[in-house]
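# Descriptive structure summary
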Amino acid sequence: MKYDFTSLENKWQKRWEDGKLYAAETGAAKKKFYALVEFPYPSGVGLHVGHARPYTAMDVIARKHRMEGENVLFPIGYDAFGLPTENFAIKNHIHPRIVTENNVKTFRGQLKSLGYSFDWDREINTTDPDYVKWTQWIFLKLYEHDLAYKAKMPVNWCTSCKCVLANEEVVEGVCERCGSPVVRKEKSQWMLRITKYAQRLIDDLDDVDFIERVKIQQKNWIGRSTGAEVTFHSTLDDDIVVYTTRPDTLFGATYMVLSPEHPLLDAWMEKLENADEVKAYQKMAASKSDMERTELNKEKTGVQLRGVQGVNPVNGKQIPIFISDYVLATYGTGAIMAVPAHDTRDWEFAKKFGCEITEVVRGGDVDKEAFTLKDDTGIMVNSDFLNGLTVKDAIPAMKQWLTAHKIGEEKVNFKLRDWVFSRQRYWGEPIPIVHCPTCGTVPMDEKDLPLLLPDVESYEPTDDGESPLAPMTDWVNCKCPKCGGDAKRETDTMPQWAGSSWYFLRYMDPHNDKALAGKEAMEYWSPVDWYNGGMEHTTLHLLYSRFWHKFLYDIGVVPTKEPYQKRTSHGMILGEGGDKMSKSRGNVINPTDIINVYGADTMRTYITFIGDFEKAVPWSSNAVKGCKRFLDRVWNLSESVTDHETAYSAENESMMHKTVKKVSEDIDALKGNTAIAALMTLLNQFAEKGCNEAELKTFLQLLSPFAPHISDELWEQHYFDGICSISAWPQYDESKCRDASVEMAVQVNGKLKGTIIISADASDAEVVAAATATEKVQHAMDGGKQVFKTIVVKNKLVNLIVK
RNA sequence: GCGAGAGUGCUGGAAUGGUAGACAGGCACGUUUGAGGUGCGUGUGUCUUAUGGCGUGUGGGUUCGAGUCCCAUCUCUCGCACCA
C-alpha cells in the first residue's frame, strides 16, 4: 500500500473528533493536566508556521500526558476583538463580526488539519456575547473595588490607529502594532490600578516555574527601586519633594530639575522673571513625540527658573532650579535633586549649563566624567557627618538622619504605570459604565450584561480622539441605572488584552451561564499546569492576566494566587534566508501548503525537529523533505514487519529501552528535536538489524505524539489493540538500557589513542589491562615510559597517565 | 548605557566535566531505472609522509581530562532605555 497521507489524515481526524477521543472530563479521578497555548488572533491571512511551532510542541506534551493516563485539558479558542479585523472591515465594508466569523472558520479548519488534540467542545471566542458578558462583569468588579478609575492624563496616542495605547504597547516611541509615531495627548481615560499589585507581581514569581528570562523581564518591567523622598524648601516658600535612590549623595546635590509638566510651575509662573522662556520650553516639550524625545536624548535641554532657588536641606545652600524633559513627570515625584558628580545625566546637564560639580564619593575624576556607583565601597567626602563612611553605610545613616529631621523618608518606587484601559475604537468590549448628570459615573447592573455593540454600518475612527460609538445616539442615550433619569453610555471600548486576561478560566467551564466558570471546575483544573507562549507577551498579556487573576483571587472568585504554574517560551520561525518572515519579503510559509504537499505528520515532525525550541531558527524547505523521507521509511518498515512477536529481540532490546527513556525525557524537557533524532536512530537500527512487531508497536507509540495520524493508521494495520494515540505510554527498564559489551575510549595523558570493546562488567583493572595492551598505547610508551596513574570512567573511558 | 542569551562543519543542530560534530539537510561518487525523480550504498572538520598533529569566536586559568567550569576580551541576537 502507498503512504497516502491526505486520505489517512482526514480519516483519523474525523475519527478523533467523532469519538471525542481527546475530550477532557471535569472532576475525573485521574490526575489532571492542563496544557495551554496562547489562543490565536484570527487574522485574515490565516494560520502561520509561527503558530504551528508552539502548538505542535504543546500538542506533543498533551498527547504524551494523555497516554500516561492523565486527564488532559488542552483547549483552543480565538482572541477575536482587535484592530486588524476592524480595519479590514472598514476597508471592505463588511461588518467585523462577519470578518471574524470567516477568519475563525479558516483558522479552525487549519488547526484541525494539523491534527492537534484539542477538546473542540470547549472552543471559545472572546467576541461571543456569552464571553463578553463575563469580561464586562470582571470590569464591574474591578470598578467596585476601586481598581478601575477614570483620569485625565497625558496618554500615548497612535497617530495612525487614532487610538490610545498602553505603555506596554509603545515600542521605541512608535506604535507596537503599526509602527506609526506615538504622540502625547491629554485625555480622560479609563485606567486599571495594576500598580497596586506591583509588589505581589514580583514576589509571587518565586512560587511559579517560569523560565528565568520571563521572570527577569517581568521584574525589570515592574522596575522596583528603593530610595528616599526628600523635601527641599524653596525661596518661594513652596516645598519640592524629590525622589532619589542615592540619599547618601545629598551633599553633592548642586541644583534641582523639575519635569516640564510639574504642577508647581503653574503656581510659580507669575513670579518667575523668565516666564515666557519657561512657557516656551513647556510647549516645546509637550509637542515632542516619544520618538523625538528618544532621539534627542543625547543632547540635554532645559531652562533655569529665574527668581526662585531651592535649598539643600542638609547644608542650607541655595541651589538653582531648572526644568528639563530628561526628568519624567510620571516617575517618582517628577522632580529630582541633581548630583552631577555621580550621575551621568546630571553630569552632562551640569557641563552644558555650567552648574557646580561637587564630589562626595572618592574614587573617580568628576571633572572628566560622572563617577557612578559600581559597588558600595566608595568613601564619602565633602559630606559633613557622612565623611569617612562607605556608601553602604552612608545610605542608612542618611536615611536615619532624614527621618529624624522629618525632611525625608524611605520610599519604594516602581517603573510600572497604571494600565490605560480604554480605546477609541469600535471592535472591542464596550465598557459597562453610564454617565449620569445627577449621579455621575454609574456602573451598569450585572443583570443587564452583556452590553453589546450597536449593529451599525459605519464605525470609522474619528480624528478628534472620540470613540466611533460617540455619535451613535440611539445607543449612547440610556437611563441611569441608579436614578432612572436620562444618561449617556461610556463610549470607549476595552483593549484587546481584556478578553485574553482570563480566557484560560473559561476553558475550564466554557458553557456556564451563571459564572465566568463554576467553582468546582476551577478547583479541579486550576492552575494551568503548563503554559507556552511568545516572549513578546511577557510584559503584556502575561503580566495583565496575572494581575486580573490576583484580583479575582482576592475577591474569592478563583482558587489560586497565580494562574499559571509553568511558563515556557518558543523561538521564532524565520524565513529561509534567516530574515523575519513577512509578506513584504515574500518569504512567508503557509502551513496549509506544506500539509498539502507533505502531510500534517511531516509538518509536525519537521517543526519539532527544526532546532532548539527556545531559539529562533530559519525554515528549510529541504529539511522538510528529510522528515517526509523519515515517515516514508516508517511506512515501508511497517509493511515489511509480518511476524507476531510480543517481546523485543535480543539484538534490539537495549536500544528499545534506551530510546523509550530518551524520548520520554526529551518530551518533558521540550527537546522534541533530539527525541525525533533518537527515533531516526532507532529506525536506522531497524533497517540494519530488523524489527519485530513488538518493537514496531513501541516505536509507533513513541512516534505518536509527533506524528499521530501515521501512527494510528499503522497501529490499526497491524491489528494492535485500541487506538495508538490513546494507548498506554511504553515503559523502560533502567537495567536493560545497558549493552553487554561497551566501547570505551582509551586516552594517554588525556589524548585519545583509540577505543577498546570490553564487557560492561569489566573491573577497572581489566579495563586498564586491555587498554595497556593495545598497540597504540604500547607505541605511546616507547622509550621505557611507565604508567603511574590511571583514571577509569565506567563504560566510558580510560585515561593512562604515562611518564 | 543597563539586563538576558548565544558564538561548534557548507547548513539546521547534538554532546550529566569524559571518544566533539549524534540526527538531519546539502554535496560527491556508486547503484537501481529507458530517462527524470524515488529508493539503496559509500564518503564528507582540517593539516599531513603519518601508527602524527591541529580543531567548538579570541587570550589566559583550573583539571588526569574543558565546547562545557573560572577570569578577561571580541562579535551577534533579544528585551529595556533620560526610571533619578
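Up top is the structure these notes are about.
The text that follows walks through the structure, step by step, so that each part is easy to find. Everything numeric in this text was worked out from a predicted model, so none of it was measured.

### Comments concerning the environment of Tyr 524
Mapped onto the elements of the fold, Tyr 524 is located in helix α16 (residues 519-525). Sequence-wise, Tyr 524 and Lys 31 are 493 residues apart; in three dimensions their C-alpha atoms are separated by 9.9 Å. Apart from residues lying up to four places away in sequence, Tyr 524 is in contact with Glu 25, Thr 26, Gly 27, Ala 28, Lys 30, Lys 32 and Asn 71. A distance of 2.8 Å separates the side chain of Tyr 524 from the side chain of Asn 71, its partner in a polar contact.

### Examining the protein's contact with RNA strand B
Inspection of the region around RNA strand B gives 50 residues, with Thr 245, Tyr 326, Arg 345, Lys 415 and Asn 799 positioned closest. Within 4 Å of the protein, the contacting atoms of RNA strand B are drawn from sugar and phosphate to the extent of 62%. Contact distances for RNA strand B include 3.4 Å between a sugar or linking oxygen and a side-chain N or O atom of Lys 415. Of all the secondary-structure elements, those providing two or more residues to the surface near RNA strand B are α7 (212-222), β12 (240-244), α20 (621-640), α22 (672-689), β27 (741-748), β28 (751-759), β29 (787-793) and β30 (797-802).

### As for the layout of surface pockets
In this model, the second largest pocket occupies a volume close to 2,100 Å³. Lining the second largest pocket are 49 residues, and of these Tyr 41, Ser 43, His 48, His 51 and Glu 536 lie nearest its centre. Elements that contribute at least two residues to the lining of the second largest pocket include exactly α2 (49-67), α3 (83-92), α4 (96-113), α14 (497-500) and β23 (530-532). Sort the elements by how many residues they give to the lining of the second largest pocket and α2 lands first, with four residues. Of the residues belonging to the lining of the second largest pocket, the class tally is 21 nonpolar, 19 polar and nine charged.

### Some remarks on empty space enclosed by the protein
Scanning the entire structure with this criterion turns up three cavities of 30 Å³ or more. Here the largest cavity defines a volume of roughly 220 Å³. Along the walls of the largest cavity sit 20 residues, with Gly 82, Leu 83, Arg 423, Pro 495 and Gln 496 positioned nearest its centre. Put simply, the parts of the chain that give the lining of the largest cavity at least two residues each are α3 and β6 (163-165). Its residues placed into classes, the lining of the largest cavity shows 10 nonpolar, four polar and six charged. Computed from the structure, the second largest cavity encloses a volume of approximately 150 Å³. Across the lining of the second largest cavity, the residue classes tally to eight nonpolar, five polar and two charged.

### What to know about unusual backbone geometry
With an omega of 0°, the peptide bond running from Leu 449 to Pro 450 counts as cis. Within the element layout of this structure, Pro 450 appears in the loop between β20 (440-443) and α13 (473-476). Geometrically, the link from Ser 526 to Pro 527 is a cis peptide bond, its omega value of -10° lying close to zero. On the secondary structure map, Pro 527 appears in the loop between α16 and β23. Of note, the phi angle at Lys 406 is positive, near 55°, even though the residue is not glycine. Relative to the assigned elements, Lys 406 resides in the loop between α12 (391-404) and β17 (408-414). The phi angle at Asn 749 is positive, at roughly 50°, despite the residue not being glycine.

Reading the values: rules and limits
Residues numbered from 1 in each chain as written. Chains lettered and ligands numbered in written order. Predicted model: local features only at pLDDT ≥ 70, side-chain atom pairs only at ≥ 80, totals over all residues. Heavy atoms only, no water. Helix = DSSP H or I, 4+ residues; strand = E, 2+ residues; numbered from the N terminus. Contact = heavy atoms within 4.5 Å. Polar contact = N/O pair within 3.5 Å; in protein donor to acceptor, adjacent residues only side chain to side chain. Near = heavy atom within 4 Å. 1 Å grid on protein atoms, 1.4 Å probe; cavity = no way out; pocket = protein on both sides within 12 Å on 5 of 7 lines; lining within 4 Å. Points joined across faces, edges and corners; volume = space filled by probe spheres on them. Nonpolar A, V, L, I, M, F, W, Y, C, P; charged D, E, K, R; others polar.

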